[in-house]
Protein chains: 2
Amino acid sequence: MARIKTDNNVSRKEVIVAKAAILFREKGFKAASMRDLAESVGVEAASLYNHIKSKTELLHELCFGVANRFMQRIEEVEQEKIPAAEKVEKLLRFHINEMVHHYEEVYVSDREWKHLSDPYLSNFQNQRRIYRKRFAAIIETGIRANEIEPIDAPTAVLIFLHAISGIESWHRSKQKISAEALENNMITILVDGLYPRK
Amino acid sequence: MARIKTDNNVSRKEVIVAKAAILFREKGFKAASMRDLAESVGVEAASLYNHIKSKTELLHELCFGVANRFMQRIEEVEQEKIPAAEKVEKLLRFHINEMVHHYEEVYVSDREWKHLSDPYLSNFQNQRRIYRKRFAAIIETGIRANEIEPIDAPTAVLIFLHAISGIESWHRSKQKISAEALENNMITILVDGLYPRK
DNA sequence: ATAACAAACTAACATACGTTAGCGACAAAT
DNA sequence: ATTTGTCGCTAACGTATGTTAGTTTGTTAT
């Protein structure tokens, strides 16, 4: 019988969740079947249910895991005593790093949350809305302090978050630049803009 | 018997494709069923097959419709005799306008192309890759002419395209700013950057 | 060694899905 | 008025999916 391999201090459930992230990323939540997942774990489909309650639970786990990390980080940043513009840059770098190093989970959380079902769905949407509002608030503080160009803050947030989710393409591309080069290029473009400083 | 309503010069197939775009956008390709689509068209599921060959054909239609429009546009822009930086801005504005006015199709083409099957899948991926290369080439021309900050051009393209796909959030948001305001804000942020010009 | 528990298996169910076959109803052309 | 072709309907098929029940195997603790 083929047991699920677990490194120390990693539950079998966590192994399943991790494999699910990979699968959901490459096929999408709906198109990825429990039998696919079972195969990638090395076990029969029914056996998964010794460790998880349902397919949707896997999605919960992934979405809220990611959401919680971002929430925690923005709270830390909010409380630092530094200029708002620096807070923005810190958040951007955090987003970039999350996308680079926890690619699958972040990607799935970003694109597949629609398939959550209530009450988790509304809960997730709320958290998302709140996060963006708080991010926008930081930008607006920066604008009032003349650290940041007077732009529409919600639009800026929307651009930032989606721009960073584009790291997906970087992950898949053949000739990757290094992760640090990527991070710095992104910050340059997003923060400094396209045209040369005079 | 409930016939599919068609305004003049619009085939029933086009009506179905348009409804499919809406449905695929809100549920995702896999989660949207032919029975859902039938209901939104006002007809039984089997009746759809008098007008289309398969569910996947609907996705082809949408993806390649969008891809062709972008390809045509970039060819026009390439041939204009204007500075590269202006070409970039023209392309950005085109992307923004497409996303604002053909929301559903563009969104579906962007997120659901994975569910195409070969040979359409490889074909689509190719077009996509080529498009991005040509976009990057324009940026690189601009860099050599000192019109554009020396950045990694592929990264810039990736940021632009994904940033613009964020207009999705604008479409769904309650308190929308106007489409023109959105366009100008996006151009400002993407092109001029976040910090004030000195 | 044996009891007790965790975790795998086989078999199966109910449901949902894409799609086909065949028939009847309406519209347009003769 | 009759024919012809378009378009919609009902019924159904085959397959895939998430999940449950019940059983067997392997591991851990006494």
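Residues numbered from 1 in each chain as written. Chains lettered and ligands numbered in written order. Predicted model: local features only at pLDDT ≥ 70, side-chain atom pairs only at ≥ 80, totals over all residues. Heavy atoms only, no water.

A.B. asks: Explanation requested: the overall build of chain A in the structure shown.
C.D. replies: The helix and strand tally for chain A stands at 9 helices and 0 strands. Traced from its N-terminal end to its C-terminal end, chain A shows the element sequence α-α-α-α-α-α-α-α-α. A burial count over chain A gives 49% of its 198 residues as buried. Across chain A, contacts joining residues at least 24 apart in sequence account for 65% of those joining residues at least 6 apart. (Helix = DSSP H or I, 4+ residues; strand = E, 2+ residues; numbered from the N terminus. Buried < 20%, exposed > 50% of the residue type's maximum accessible area, 1.4 Å probe, protein only. Contact = heavy atoms within 4.5 Å.)

A.B. asks: Even after reading the chapter, I still don't get the domain arrangement of chain A, so can you show me in this structure?
C.D. replies: Often the size quoted for an interface is simply the accessible area lost on bringing the parts together. Residue and element names in this part refer to chain A. The domain boundaries assigned to chain A delineate domain 1 (12–50) and domain 2 (55–192). Computed from C-alpha coordinates alone, the two centres of domain 1 and domain 2 are separated by 26 Å. On the domain 2 side, the residues contacting the 15 residues of domain 1 number 15 residues. Roughly 1400 Å² of surface becomes buried between domain 1 and domain 2 when both sides are summed, with 75% attributable to carbon and sulfur atoms. Linking domain 1 to domain 2 there are 3 salt bridges. As a salt-bridge pair, Glu-61 and Lys-13 come within 3.9 Å of each other at their nearest N and O atoms. Between domain 1 and domain 2 we count 4 residue pairs in polar contact (both at pLDDT 80 or more) in total. Put simply, the parts of the chain that give the side of domain 1 that touches domain 2 at least two residues each are helix H1 (12–27) and helix H2 (34–41). The element that contributes the greatest number of residues to the side of domain 1 that touches domain 2 is H1, accounting for 8 residues. The class makeup of the residues in the side of domain 1 that touches domain 2 is 11 nonpolar, 1 polar and 3 charged. (Domains from an automatic or database assignment. Buried area = accessible area lost by both parts, 1.4 Å probe. Salt bridge = Lys/Arg side-chain N within 4 Å of Asp/Glu carboxyl O. Polar contact = N/O pair within 3.5 Å; in protein donor to acceptor, adjacent residues only side chain to side chain. Nonpolar A, V, L, I, M, F, W, Y, C, P; charged D, E, K, R; others polar.)

A.B. asks: Would you explain the relation of the copies chain B and chain A in this entry?
C.D. replies: What relates the two chain copies is a rotation about an axis together with a slide along it. Superposing chain B onto chain A requires a rotation of 180 degrees together with a translation of 0.0 Å along the rotation axis, leaving an RMSD of 0.0 Å. Classification of the inter-copy transformation places it as that of a two-fold axis. Mapped onto chain A, 100% of the interface residues of chain B again fall at the interface, so both copies present the same surface. (Least-squares fit on C-alpha atoms with pLDDT ≥ 70 in both.)

A.B. asks: Please explain the packing of aromatic side chains as it appears in this structure.
C.D. replies: Centre distance and the angle of the planes are the two values used to describe a pair of aromatic rings. Applying the stated rule across the entire model yields 18 aromatic pairs over all chains. Relative to A:Phe29, the ring of A:Phe24 has its centre 5.0 Å away and its plane inclined at 80 degrees; by these criteria the two rings are edge-to-face. By relative accessible area, which is 6% here, A:Phe29 ends up buried. Pairwise contacts between aromatic rings join A:Phe70, A:Phe94, A:Tyr131, A:Phe135 and A:Phe160 into one cluster. Across the ring face of A:Trp170, the terminal group of A:Lys176 is positioned such that the distance to the ring centre comes to 4.9 Å. Against the face of B:Phe29 rests B:Lys55, its NZ or CZ located 4.5 Å from the ring centre. (Phe/Tyr/Trp six-rings, centres within 6.5 Å; stacked < 30°, edge-to-face > 60°. Lys NZ or Arg CZ within 6 Å of the ring centre and 35° of its normal.)

A.B. asks: How should I be thinking about the interface of chain B and chain A in this particular structure?
C.D. replies: At the junction of the two partners, chain B supplies 49 residues and chain A supplies 49 residues. In total, about 4200 Å² of surface goes out of reach between chain B and chain A, with carbon and sulfur atoms giving 61% of it. Taken together, the links from chain B to chain A amount to 0 salt bridges. Viewed at the interface, chain A and chain B are joined by 11 residue pairs in polar contact (both at pLDDT 80 or more). Mapped onto the side of chain B that touches chain A, the elements with two or more residues apiece are helix H1 (12–27), helix H4 (84–101), helix H5 (103–112), helix H7 (153–165), helix H8 (167–172) and helix H9 (179–192) of chain B.

A.B. asks: Can you walk me through the protein's contact with DNA strand C in this structure?
C.D. replies: The full set close to DNA strand C counts 21 residues, and A:Glu44, A:Asn50, A:His51, B:Met34 and B:Tyr49 are the nearest of them. Taken together, the sugar and phosphate atoms account for 66% of what DNA strand C places within 4 Å of the protein. Contacts to DNA strand C include A:Asn50, whose side-chain N or O atom sits 2.6 Å from a base nitrogen. Residues that form the surface near DNA strand C fall into these classes: 10 nonpolar, 5 polar and 6 charged. (Near = heavy atom within 4 Å.)

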